Amino acid sequence: MSHSLCSACASYLFPQGPETKRVSRRVLKSQPQNHSMSALPCRVRTPLHPLFCPPSNIFNLIPRWEQREESQSPEAHHLQDQPDSLPLSQDKHTVVLHRLLLEKTEVSEGDCHMDTCKIPEVPRLVYPKAQVLQPTRTDVLVMTPWFAPIVWDGTFDSAILDAQFRNITIGMTIFAIKKYTVFLKLFLETAEKYFMVGHKVNYYVFTDRPADVPQVPLRQGRQVVVLEVRNYRRWQDVCMHRMEMISNFSRQRFLHEVDYLVCADVDMKFSDRVGVEILAPLFGTLHPGFYAADRGSFTYERRALSQAYIPRDEGDFYYAGAFFGGSVLEVHRLTAACHQAMMADWARGLEAVWHDESHLNRYLLYHKPSKVLSPEYLWDERMLRRPPYLRKLRYVAVPKNHAEIRNR
């Protein structure tokens, strides 16, 4: 006799993704020992999952299941190697546990992001209650069509977020090639004043002139790590090889040293607070020159032969290459994909119109960012008039002679 599956059993037996799997395990482990069958009212049998709802004493079995996995017994190895060969003569409840064991091992800790797979514990905080019928901002778009928040001043509470993201380390990649080292002192000084205050930070400075990296006083738990790399004749080549270097170092060391990566241009300065509100598995920043433009005005790569090509009837936003990031794993995926695409273009004798930024936009179009930063997080006061809804300028361009800096 077959029955429909209730939502309670579905959450226990058929988790749909890494996040749901982890929540399901946590719920199982936290249930009382004398669990009532009333909470699990149905049973199900399908060709793909010949499972029954667990009995009232299933939670007495959980510690042994956890212990068996940790010890990595031969039986567990056999089950992992042959997931479809469970003996039909086994007790049905044991089959349930084995199936759950197999699903549990599918996702490793390295594939999990702090803000998507765990519910963070925060200390007691006192703050005003959010008013559901009174949005904090009505003058700007605060949510993308795929439900990613767009971060503006007034849309978040710094105290809550600082508590949620405590005990993490943020890495920041900065490229100071050739004469761009002249921007390092101001960049680091303003970053120490405004960037991720109260959190541990590693500044990864990529440079061909390590002796020119200035000594700047740093807060406790923060350090400058100098990574010596080669230079390139053209500034365009520096831009394009930036993706390759971030990808390589992410795999080699960043995965072991930091939780999140922020990739920033060095010819900028921080002028207001930039904190953990920007952190997400993957985030991009609205380009200050196009945040209010229609997609037809975006300077995407329009040549169909290029790997950065975006048709004129596609596009969400135009993202700036000067400020993006996310978890180390996602940044590695992004930069590796962009580098491979640029190498494919190079093999055809092509170079995207805006180099690495063009490939970044292509990637973020088809791999939607989980957060989008407003132009507060990237602005040029010399080129753009500040609109009234831009309440803060957090990260701004430094006046410079581009020809003087880029060609030496």
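Chains are numbered independently. Their residues run from 1 in the order of the written sequence. Local features in this predicted model are restricted to residues whose pLDDT is 70 or higher, and side-chain atom pairs enter the listing and the counts only when it is 80 or higher, whereas totals over whole chains, interfaces and linings include all residues. Neither water nor hydrogens contribute to the side-chain values; these are computed over all heavy atoms in the structure.

With that settled, consider unusual backbone geometry. Here F147, not a glycine, exhibits a phi torsion of approximately 65°, which is positive. With respect to the element layout, F147 can be found in the loop between α6 (114–117) and β1 (150–151). Helix and strand assignments come from DSSP, with helices taken as H or I runs of at least 4 residues and strands as E runs of at least 2, each series counted from the N terminus.

Axes, fitted as lines to C-alpha atoms, cover a helix only where it is in contact. Angles between the N-to-C directions of the axes lie from 0 to 180 degrees. The geometry of helix α10 (residues 328–347) relative to helix α11 (residues 355–366) is characterised by a closest axis approach of 9 Å and an angle of 120° between their N-to-C directions. The angle between α10 and α11 places the two elements in the oblique class. Viewed along their axes, α10 and α11 form a crossing whose handedness is right-handed. Residues R333, L334, A337, C338, A341, M342 and D345 of α10 touch α11, and the partners they reach there are D356, H359, L360, Y363 and L364. The classification used treats Ala, Val, Leu, Ile, Met, Phe, Trp, Tyr, Cys and Pro as nonpolar, Asp, Glu, Lys and Arg as charged, and all other residues, Gly among them, as polar. Of the residues in the contact of α10 with α11, the class split is eight nonpolar, one polar and three charged. Each angle receives one of four descriptions, namely roughly parallel if under 35 degrees, roughly antiparallel if over 145, roughly perpendicular if within 65 to 115, and oblique otherwise. Two helices crossing with the near one rotated counterclockwise from the far one by less than a right angle form a left-handed crossing, whereas a clockwise rotation gives a right-handed crossing. Contacts are assigned to residue pairs that have any heavy atoms within 4.5 Å of one another.

Moving on to the pattern of salt bridges. Here, a salt bridge means any side-chain nitrogen of Lys or Arg that lies within 4 Å of a carboxyl oxygen of Asp or Glu. As enumerated under the stated definition, the model contains 15 salt bridges in all. Linking D162 and R273 is a salt bridge whose minimum nitrogen-to-oxygen distance equals 3.3 Å. Taken as a pair, D162 in helix α7 (residues 158–164) and R273 in the loop between β6 (268–270) and β7 (282–285) lie far apart in primary sequence, 111 residues in all. Three labels apply to residues, based on accessible area from a 1.4 Å probe with only protein chains included: buried if under 20% of the type maximum, exposed if over 50%, partly exposed otherwise in between. A relative accessible area of 24% places R273 in the partly exposed class.

Time to look at a nonpolar patch on the surface. Where nonpolar side chains cluster on the molecular surface, the patch consists of V122, L125 and Y127 and spans about 260 Å² of accessible area. Relative to the assigned elements, V122 resides in the loop between α6 and β1. Assessed through its relative accessible area of 43%, V122 is described here as partly exposed. Each patch is built from residues that are more than 30% exposed by relative accessible area and take part in no salt bridge. Like charges join if they lie within 9 Å; nonpolar side chains (Val, Leu, Ile, Met, Phe, Trp, Tyr) join within 5 Å. Values of accessible area rely on a 1.4 Å probe in the Shrake-Rupley scheme; residue burial ignores everything except the protein chains shown.

Further remarks concern the side chain of H355. Note on placement: H355 falls in helix α11. Looking at H355, its side chain comes within polar contact range of the side chain of E351, at 3.5 Å. Pairs of N or O atoms within 3.5 Å make up the polar contacts considered here, provided that, within protein, one atom can donate a hydrogen while the other can accept it, and that residues adjacent in sequence are counted only when both atoms are side-chain atoms.

Centre distance within 6.5 Å is the pairing criterion for rings of Phe, Tyr and Trp, where only the six-membered ring of Trp is used; planes under 30 degrees apart are then read as stacked, over 60 as edge-to-face, and the remainder as tilted. All told, the structure shown has 23 aromatic pairs when counted by the stated rule. Ring geometry for Y180 against F183: centres 5.7 Å apart, planes inclined by 50°, an arrangement best described as tilted. F183 shares its class with Y180; the two are buried. Residues F298 and Y318 carry aromatic rings whose centres are separated by 6.2 Å and whose planes lie at 55° to one another, so their mutual orientation is tilted. Highlighted residues: F298 in the loop between β7 and β8 (323–327) and Y318 in the loop between β7 and β8, separated in sequence by 20 residues. Owing to a relative accessible area of 2%, Y318 belongs among the buried residues under this scheme. By way of ring pairs, the aromatic residues F187, F195, F270, F283, F323 and Y395 are connected into one cluster.

Here we take up the sheet that holds strand β4 (residues 222–228). Within the open sheet, the eight strands sit side by side as β1-β9-β7-β8-β5-β2-β3-β4. Their pairing is mixed. The sheet is open, and its two borders are formed by β1 and β4, each paired with just one other strand. Two strands pair if DSSP finds at least two bridges between them. Relative to β8, strand β5 (residues 260–264) runs antiparallel, the two being bridged by five bridges. Across the sheet, the residue bridging to A264 is F323, located in β8.

In this section: the environment of L378. Take L378: it is sitting in the loop between β9 (371–373) and β10 (395–397). Separated by 19 residues in the primary sequence, L378 and A397 have C-alpha atoms spaced 7.6 Å apart. If we skip the residues at most four places from it in the chain, L378 touches M268, T285, P288, A320, A322 and Y395.

With that settled, the discussion passes to the nonpolar core. Here, the term nonpolar core denotes a set of buried Ala, Val, Leu, Ile, Met, Phe, Trp, Tyr and Cys residues that are joined through side-chain atoms within 4.5 Å. Counting 41 residues, the largest nonpolar core has M172, I174, F187, F195, I278, L279 and F323 as its most contacted members. Contributing elements (two or more residues each) for this core: β2 (169–176), α8 (184–194), β3 (200–207), β5, β6 and β10. Discounting chain neighbours no more than four positions away, the residues touching F187 are M172, I174, A264, D265, V266, M268, F270 and Y395. The next biggest cluster of nonpolar side chains, apart from the first, holds 39 residues, and it includes F175, M342, L390 and L393.

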